[in-house]
Amino acid sequence: MASQKTDTTAIPFYRDERILKIIAQIVSTVVIFGFLIWTVTNFLKAADARNMELSFGFLKEAAGFPISNPPIEYEAGMTYGRAFVVGLVNTLMISGVGVVAATIIGTLVALARLSSNWLLSRMALVFIEFHRNIPLLVLLFIWYFVVFSFVPPVKESLVWPGPIFINKRGVYLTWPRLTETGSTFVILSIIGIIAAVIVFIILRRRRKYTGKNTYYMPISIVLVLIFCVSGWFLSGGSPFQLDIPFLKGFNYQGGLRLTPEFSGMFLSLSLYTAAFIAEVVRGGIQAVNKGQIEAARAVGLNQLQVLSLVVMPQALRIIIPPMISQYLNLTKNSSLALAIGFQEVFAVGKITINQAGRAVPVFGLIMITYLSLSLLTSFILNIYNRRIQFVVR
Amino acid sequence: MAIKEMEQDFIRPPQPPGPVKWIKDNLFSGFMNSILTVLLFPVIIYLLYQIFKWVLVGANWQAVSQFPMLFAVGQYPRDQIWRVGFIFSGLMFMLGISWGRWGGLLKSISLAAGSFLLLLAVLPVQHPQLDLTMRIYLGSTILLTLVGFLIGNKTRLKNTIIIAGWFVIPIIGIVLLAGFSGSEWLPAVQTTLWGGLLVTFLLAAGGIVLSFPLGVALAFGRRSDLPVVSGFSTVFIEVIRGVPLVTILFMFSIILALFLPVESRIDRLVRALMAVTVFSAAYSAENVRGGLQSVPLGQVEAAKALGMGNLKITVFIVLPQALRAVLPAIVGQFISLFKDTTLVVIIGINDFLGIGRSIINSDPEFVQMRTEVYIFMAVVYWIFSYLMSLASRRIESAMGIESNL
């Protein structure tokens, strides 16, 4: 240190790391902020020249466009804000249903891919390679413009067991609807499930500490059953009523109607994502060391125990992180529904831009919506992920 | 005697399983398995039969076979089509050289492409767009590929020159395609006329080439000591990754103009390319960052001890190891970029998918053939992205990387 002080010319300033860092700091700040300020001034000038409004006040104005089959009450003339919420509900609906379906299909395909039967395994491979290598938009167009266009008109509806009626106007599902007294059953069932979960956790913890078998699984199942059955009788017989679609005039009434747009989007989105999920799940299961399975068998666990106690906990740890990104992809990909006229957030935003101008605030709104959806999903799943990643030594 | 037999059994190498044993092992290994096979077999046969019947007899491929040029280049002026042909031949020549030098998958690709062109050249059908000039052009392109093969195989061309060629020819190609306004013999061609596979490949290749360096820069930016740089990179990456590509495409096609000086006008196709690039760069950045994190600190310290400068450490020590570790993820990102280029249809650019859709919508007769058109497009997309994933698997096994997925 001392020698450095006496000989200040030893390090010229352009090679002194401390000074260089400060210079880099200043230069990068100036460049980045300069760039930002430049764009913002340009923008303000353009906004001024075109008399653009940048506030979100338009959300309270009346929107002149209709939305076909809104999931919540909406009609043309309600506010833009309301229309946006309708779009948001549509996005959440298609992503929620899509995530569940893609996970189930993906897991089944992964198991088929791992099957010892050559034919089944090859079929799963064909499914995976087909969906992974064509663009989602092409898949969507095939489902919507090709498959759904060959569906018969209302009078000659396809009838599938269920009964499910399929025709040009959509897919009509038979749907259980709550009867007037049915709420008793639902409330009691929910109480039963909560109670069972609490008992399950307590008993399992007891077993962990005492080592005694506390039969936590059968006890909690019986608990749920008791509450459900008593709810069934208290609500006076069947709490649900099957709402079967029926032909009335030129259309079907009742049941649950899925529009062709929703069905096409749902099918292509969940099949496409399922192919990716299948690969994730297969990779996770195959990554479990074979010795683990052999050891578990040697200890005397049966097939089911090997799977649930040894394979799955280890596979899940590998599966969850890529699964999170698949779920996020699915949510973001739901914006492609715009191309077939299913009105989710992005489509509603686009109509709003066309009608009310104000591209910038609408885009801000759309981006904030997707960003918070992404953040929320990854936040929740990361908590779960952290819980199962416990065995880090 | 028994011992001797056992010994022989032991010494003899295991026999390759015969077809009977293979069937027994893979199709009838157990009770459930046999039932499954018996149930699945007729289903598969039936499906295959139906598919073949439809493809060969039921389908009407007129909407596809009538417009090969439209699918390839869109509305590009037909009297200027030689420019596209010139680039295509140039790329085939480069493919030939690379085949001669490296072989492997490149050989299969060259042979497949060559035989496809040969088939077209000698196809005994009357087609307005398959006239004598076209056939001669196809034949000479095949010859050029073979010449390329000989050059690559027999001469000692440097690898760097071949790789440089792969970059130089597309750049010349883009200049050639765009032309110069006011030029007598090379008039400018508006990008609104470009279309088809040409645009799809342009967007995909351009996106890959431009997004990768940007992604590496962002990855370093995010790891930087400078708070402004790392903050900016982090926000940039996370915002782009948090929103769908459609949003970014619309941002660039509608809003970008507002943030630039009034007099500047950016071409529509370039804006789409920018959007695709920025989107892909954010994902590449995260992949590269994963790779950077996997390089042990000891490597950097050792390099420092040897007296290497920061730049040298990054270029020669850190990056090669980092990129090698995440190569599968990067290639996967490129494949999804290729598939994502289809989204430009939504902002009205006529890429391959867009051309197919406009053909269908151009004539009520073609609306009836939409199945054929969509299946054709799906097959084309499938072939190219499958080739890319095949190539990535070859590279991985050649480099000894195990891919997780």
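## Observations regarding the overall build of chain A
- If you tally the helices and strands in chain A, you get twelve helices and eight strands.
- Relative to its length of 393 residues, chain A is extended, with a C-alpha radius of gyration of 29 Å against a globular reference of 21 Å.
- Taken along its principal axes, the extent of the C-alpha atoms in chain A is 95 × 65 × 45 Å.
- Sequence-distant contacts, at least 24 apart, represent 64% of the contacts inside chain A between residues at least 6 apart.

## Comments concerning the sheet that holds strand β8 (residues 256-258) of chain A
All names here are of chain A.
- Read from one edge to the other, the open sheet built from four strands follows the order β1-β2-β3-β8, with strand pairing classed as antiparallel. Here the strands that pair on one side only, and so sit at the sheet edges, are β1 (158-160) and β8. Ignoring strand direction, the axes of neighbouring strands in this sheet form an average angle of 20°.
- Pairing of strand β3 (residues 170-173) with β8, which is carried by three bridges, proceeds in the antiparallel orientation. Residue pairing across strands places Val171 opposite Leu258, the latter belonging to β8.

## Re the domain arrangement of chain B
All names here are of chain B.
- What the domain assignment lists for chain B is domain 1 (70-189) and domain 2 (194-258 + 266-399).
- Contacts between domain 1 and domain 2 engage twelve residues on the former and 15 residues on the latter.
- The set of elements that each furnish at least two residues to the side of domain 1 that touches domain 2 consists of α5 (68-73) and α7 (105-122).
- Looking at the side of domain 1 that touches domain 2, the element that brings in the most residues is α5, giving four residues.
- Split into classes, the residues belonging to the side of domain 1 that touches domain 2 amount to nine nonpolar, three polar and no charged.

## Details of the interface of chain A and chain B
- Residue-level contacts link 43 residues of chain A with 45 residues of chain B.
- Going through the elements one at a time, α2 (17-49), α4 (118-132), α5 (136-147), α8 (260-287), α10 (303-333) and α12 (359-388) of chain A are the ones with two or more residues in the side of chain A that touches chain B.
- Counting residues per element, the side of chain A that touches chain B draws most heavily on α2 of chain A, at ten residues.
- Among the residues making up the side of chain A that touches chain B, the classes are represented as 27 nonpolar, twelve polar and four charged.

## Points about the confidence of the model for chain A
- Averaged over every residue, the pLDDT of chain A is 85; residues scoring 70 or more account for 96%.
- Note on residues 1-5 of chain A: pLDDT under 50 across the span, and one contact to partners over four residues away in sequence or across chains.

## So, the nonpolar core
- Membership of the largest hydrophobic core comes to 126 residues, with the highest contact counts inside it found for Val138 and Leu140 of chain A together with Ile248 and Leu249 of chain B.
- Examining the composition of this core, we find that 15 residues originate from one element, α8 of chain A, more than from any other.
- Residues contacting Leu140 of chain A, with those up to four places away along its chain left out, are Gly264, Met265, Ser268, Leu336, Ala339 and Ile340 of chain A.
- Counting eight residues, the second largest nonpolar core, distinct from the first, contains Phe93, Ile97, Trp99 and Phe149 of chain B.

## As for the domain arrangement of chain A
- Domains assigned within chain A are domain 1 (2-49), domain 2 (80-155 + 258-388) and domain 3 (177-242).
- Using C-alpha coordinates to define each centre, domain 1 of chain A is positioned 65 Å away from domain 3 of chain A.

## Things to note about the environment of Asn329 of chain A
Residue and element names in this part refer to chain A.
- The topology assignment puts Asn329 in helix α10.
- For Asn329, a count of 18 C-beta atoms within 10 Å gives the class partly exposed.
- In this structure the C-alpha to C-alpha distance between Asn329 and Ser95, which are 234 residues apart in sequence, comes to 9.8 Å.

## Quick look at the environment of Val276 of chain B
All names here are of chain B.
- Secondary-structure assignment places Val276 in helix α13 (residues 268-294).
- The buried category is assigned to Val276, around which 27 C-beta atoms lie within 10 Å.
- Placed 73 residues apart in sequence, Val276 and Leu203 show a C-alpha to C-alpha distance of 7.6 Å.
- Excluding residues within four positions of it along the chain, Val276 makes contact with Leu203, Gly207, Leu337, Asp340 and Thr341.

## Let's talk about the confidence of the model for chain B
- Of all residues in chain B, 95% attain a pLDDT of 70 or more, and the chain-wide mean is 87.
- Two numbers describe this predicted complex: its pTM, 0.86, and its ipTM, 0.87.

## Focus: helix α3 (residues 31-58) of chain B
- For α3 of chain B, with 28 residues, the first-to-last C-alpha span of 39 Å sits near the 40 Å given by 1.5 Å per residue.
- The buried fraction of α3 of chain B amounts to zero of the 28 residues, a small share that puts the element mostly on the outside.

## Observations regarding the pairing of strand β2 (residues 164-167) of chain A
All names here are of chain A.
- Where burial is concerned, the two faces of β2 differ: the one with Phe165 and Asn167 is buried and the one with Ile164 and Ile166 is not.
- By the bridge criterion, three bridges tie β1 to β2 in an arrangement that is antiparallel. Its bridge partner lying in β2, Trp160 is registered against Ile164.
- Following β1, the chain reverses through three residues before pairing antiparallel with β2; Gly162 in that reversal takes a positive phi of roughly 155°.
- Direction of pairing for β2 relative to β3: antiparallel, over a ladder of three bridges. When the bridges of β3 are listed, Ile166 appears paired with Val171.
- Hairpin remark: β2 followed by β3, antiparallel, with two residues in the connecting loop.

Calculation notes
- Residues numbered from 1 in each chain as written.
- Chains lettered and ligands numbered in written order.
- Predicted model: local features only at pLDDT ≥ 70, side-chain atom pairs only at ≥ 80, totals over all residues.
- Helix = DSSP H or I, 4+ residues; strand = E, 2+ residues; numbered from the N terminus.
- Rg over C-alpha atoms; globule rule 2.2 N^0.38 Å.
- Contact = placed C-beta atoms within 7 Å.
- Pairing = 2+ DSSP bridges.
- Axes fitted to C-alpha atoms, helices over the stretch in contact; angles between N-to-C directions.
- Domains from an automatic or database assignment.
- Nonpolar A, V, L, I, M, F, W, Y, C, P; charged D, E, K, R; others polar.
- pLDDT = per-residue confidence, 0-100.
- Core = buried A, V, L, I, M, F, W, Y, C linked by C-beta atoms within 7 Å.
- Buried ≥ 20, exposed ≤ 12 C-beta atoms within 10 Å, placed from the backbone.
- Expected span 1.5 Å × (residues − 1).

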